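# Structural characterization, general
Residue strings, one per chain:
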Amino acid sequence: MTVYFIGAGPGDPELITVKALRLIKQCPIILYAGSLVPREIFAEVEDTADSIIDTASIHLDEIIAHIETAHKAGKDVARVHSGDPSLYGAIGEQIRRLEQLDIDYEIIPGVTATSASAAWLGKELTLSGVSQTIIMTRYEGKTPFPERERLPALAASGATLAIHLGVTRIHKIVEELIPHYGEDCPVAVCYRTSWPDQDKVIGTLKNIVEKVREKKFTRTSLILVGHVLGTDEFRDSYLYDENKAHVYRPKVKPIEARTVDNASAHPVLKK
């Protein structure tokens, strides 16, 4: 049997890959993070799966016990996480246990909250001459951070930031970012992106704290920071520039005009 760590996307049941949905239909045992994964994803297998278990209220040992039971029965397991399981999915400790138990596993990537939020905002997060780097991080809380990864160190790059799990400390985030980005830097805070109750607020580092508090966002929010969110001053990329050749679009040389020399009846190039 195999345990499939499946990315279900940010919330919209349609933002799931074809492969992920196929495996969910294929696996008789489904374990899913019910606090962040909509039950609607399993609509087609509600009556056919052996069991669909919400793991939001159980701990790691219990999750592994369910997997061990499935392993003994030779039944594949769909372990369904929100977004992409490789980002803040807490799959590392599960994988470590599976390797100790010699249980096969495979990771199926999913749509991230960052991608879905950028789409909702109608923004490209990498603009020529503005920012070519996106840093996905989380604000420091219970999990200890190395000094090199604390927010001021990351902000020194000036890159576009996607900050998870920080909305309750947004006042601290703003304090740490203003010296690097300036008060006028655009900020978007996206709450439960792609869910039916999704909401967002757009502002700057100067006023975003007030706007977030008016919305009363206290969880499940992604904070996007960067000048790419609010500028029309950027260069066209070279990708579609007619004057920039690349391997898929070689530069075409001008075609030379041809005339015919009647005396010799041979074509003569006219330059």
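Residues numbered from 1 in each chain as written. Predicted model: local features only at pLDDT ≥ 70, side-chain atom pairs only at ≥ 80, totals over all residues. Heavy atoms only, no water.

## Describing unusual backbone geometry
- Notably, Asp102 is not glycine yet its phi reads approximately 60°, a positive angle.
- Looking at the secondary structure, you find Asp102 in the loop between helix H3 (92-100) and strand S5 (104-108).
- Accessibility expressed as a relative area gives 63% for Asp102, which makes it exposed. (Helix = DSSP H or I, 4+ residues; strand = E, 2+ residues; numbered from the N terminus. Buried < 20%, exposed > 50% of the residue type's maximum accessible area, 1.4 Å probe, protein only.)

## Here we look at the nonpolar core
- Ranked by size, the top nonpolar core spans 26 residues in total, and within it Ile163, Leu177, Val189, Ile208 and Val225 carry the most contacts.
- For this core, the secondary structure elements donating two or more residues are helix H5 (151-155), strand S7 (160-164), helix H6 (170-181), strand S8 (186-191), helix H7 (208-215) and strand S10 (221-225).
- The element that contributes the greatest number of residues to this core is H6, accounting for 5 residues.
- Each residue touching Leu177, except ones within four places of it in the same chain, is listed here: Leu151, Ala155, Leu161, Ile163, Gly182, Leu205 and Val225.
- Counting residues in hydrophobic clusters, the runner-up holds 20 residues, among them Ala8, Ile16, Phe42 and Val45. (Core = buried A, V, L, I, M, F, W, Y, C linked by side-chain atoms within 4.5 Å. Contact = heavy atoms within 4.5 Å.)

## Things to note about the pattern of salt bridges
- Counted according to the given criterion, the structure contains 10 salt bridges.
- A salt bridge links Lys19 to Glu106, with the shortest nitrogen-to-oxygen separation between them at 3.2 Å. With Lys19 in helix H1 (residues 18-26) and Glu106 in strand S5, this residue pair connects regions lying 87 residues apart in the sequence.
- When the shortest N-O distance is used, the salt bridge between Arg192 and Asp197 registers 2.8 Å. (Salt bridge = Lys/Arg side-chain N within 4 Å of Asp/Glu carboxyl O.)

## Quick look at the side chain of Arg138
- As for its placement among the helices and strands, Arg138 is situated in strand S6 (residues 134-138).
- Dropping the residues within four chain positions of it, Arg138 is found in contact with Tyr88, Thr143, Phe145, Ile163, His164 and Leu165.

## Some thoughts on H6
- Those residues of H6 that fall on the buried side of the exposure criterion are Ile170, Ile173, Val174, Leu177 and Tyr181. All buried residues of H6 lie within an arc of 95° about the axis, which places them on one face of the element. Seen from the buried face of H6, the exposed residues on the opposite side, beyond 90 degrees, are Glu175 and Pro179.
- Of the surrounding elements, those touching the buried residues of H6 are H5, S7, S8, H7 and S10.
- Phi turns positive one or two residues past the end of H6, at Gly182, with a value near 85°. (Arc of directions from axis to C-beta.)

## So, the sheet that holds strand S1 (residues 2-7)
- Sheet architecture is open: 5 strands sit in the order S3-S2-S4-S1-S5, paired in parallel fashion. Edge positions in the sheet fall to strand S3 (51-54) and S5, since each of these pairs with one other strand and no more. Taking each pair of neighbouring strands and ignoring which way they run, the sheet shows an average axis angle of 20°.
- Sitting on the sheet, helix H2 (residues 60-72) is in contact with S1, strand S2 (29-32), S3 and strand S4 (77-81), with an inclination near 165° to S2. (Pairing = 2+ DSSP bridges. Axes fitted to C-alpha atoms, helices over the stretch in contact; angles between N-to-C directions.)

## Observations concerning the packing of aromatic side chains
- In total, this model carries 3 aromatic pairs according to the counting rule given.
- Summarising the aromatic geometry, the rings of Phe5 and Tyr105 are spaced 6.3 Å apart at their centres and angled 70° between planes, so their arrangement reads as edge-to-face. Here Phe5, found in strand S1, pairs with Tyr105, found in strand S5; they are 100 residues apart in sequence, far enough to count as distant.
- In this structure Tyr105 comes out as partly exposed when scored by relative accessible area, which is 30%.
- Over the aromatic face of Trp195 sits the side chain of Arg192, whose NZ or CZ is 4.1 Å from the ring centroid. (Phe/Tyr/Trp six-rings, centres within 6.5 Å; stacked < 30°, edge-to-face > 60°. Lys NZ or Arg CZ within 6 Å of the ring centre and 35° of its normal.)

## Points about a nonpolar patch on the surface
- The grouping of Leu87, Tyr88, Ile134 and Met136 at the surface amounts to a nonpolar patch, some 330 Å² of accessible area in total.
- Relative to the helices and strands, Tyr88 resides in the loop between S4 and H3.
- Residue Tyr88 is classed as partly exposed on the basis of its relative accessible area of 44%. (Patch = residues over 30% accessible without salt bridge, like charges linked within 9 Å, V, L, I, M, F, W, Y side chains within 5 Å. Areas by Shrake-Rupley, 256 points an atom, 1.4 Å probe, with all protein chains shown as cover.)

## Examining the packing of H6 against H7
- Where H6 contacts H7, the axes come no closer than 9 Å and their chain directions differ by 165°. Taken together, the axis directions place H6 and H7 in an arrangement best described as roughly antiparallel. By crossing handedness, the relation of H6 to H7 is classed as right-handed. Residues Ile170, His171 and Val174 of H6 lie in contact with H7, whose contacting residues are Ile208, Val209, Val212 and Arg213. (Parallel < 35°, antiparallel > 145°, perpendicular 65-115°, else oblique. Left-handed = near helix turned anticlockwise from the far one by under 90°.)

## Section: the environment of Phe5
- Accessibility expressed as a relative area gives 0% for Phe5, which makes it buried.
- For the pair formed by Phe5 and Leu31, sequence separation is 26 residues and the distance between their alpha carbons is 9.6 Å.
- For Phe5, the residues in contact, after removing those within four places along its chain, are Arg79, His81, Pro85, Ile91, Gln94, Ile95, Leu98, Tyr105, Glu106, Ile107 and Ile108.

## Notes on the sheet that holds S10
- Taken in spatial order, the 5 strands of this open sheet run S6-S7-S10-S8-S9, and their pairing is mixed. Looking at the sheet topology across the chains shown, the edges are occupied by S6 and strand S9 (199-204). With strand direction ignored, the average angle separating the axes of adjacent strands in the sheet is 15°.
- Here S7 pairs with S10 via 3 bridges, running antiparallel. Counterpart to Leu161 in the pairing with S10 is Val225.
- Packed on one face of the sheet, helix H4 (residues 113-121) meets S6, S7, S8, S9 and S10 and runs near 70° to S10.

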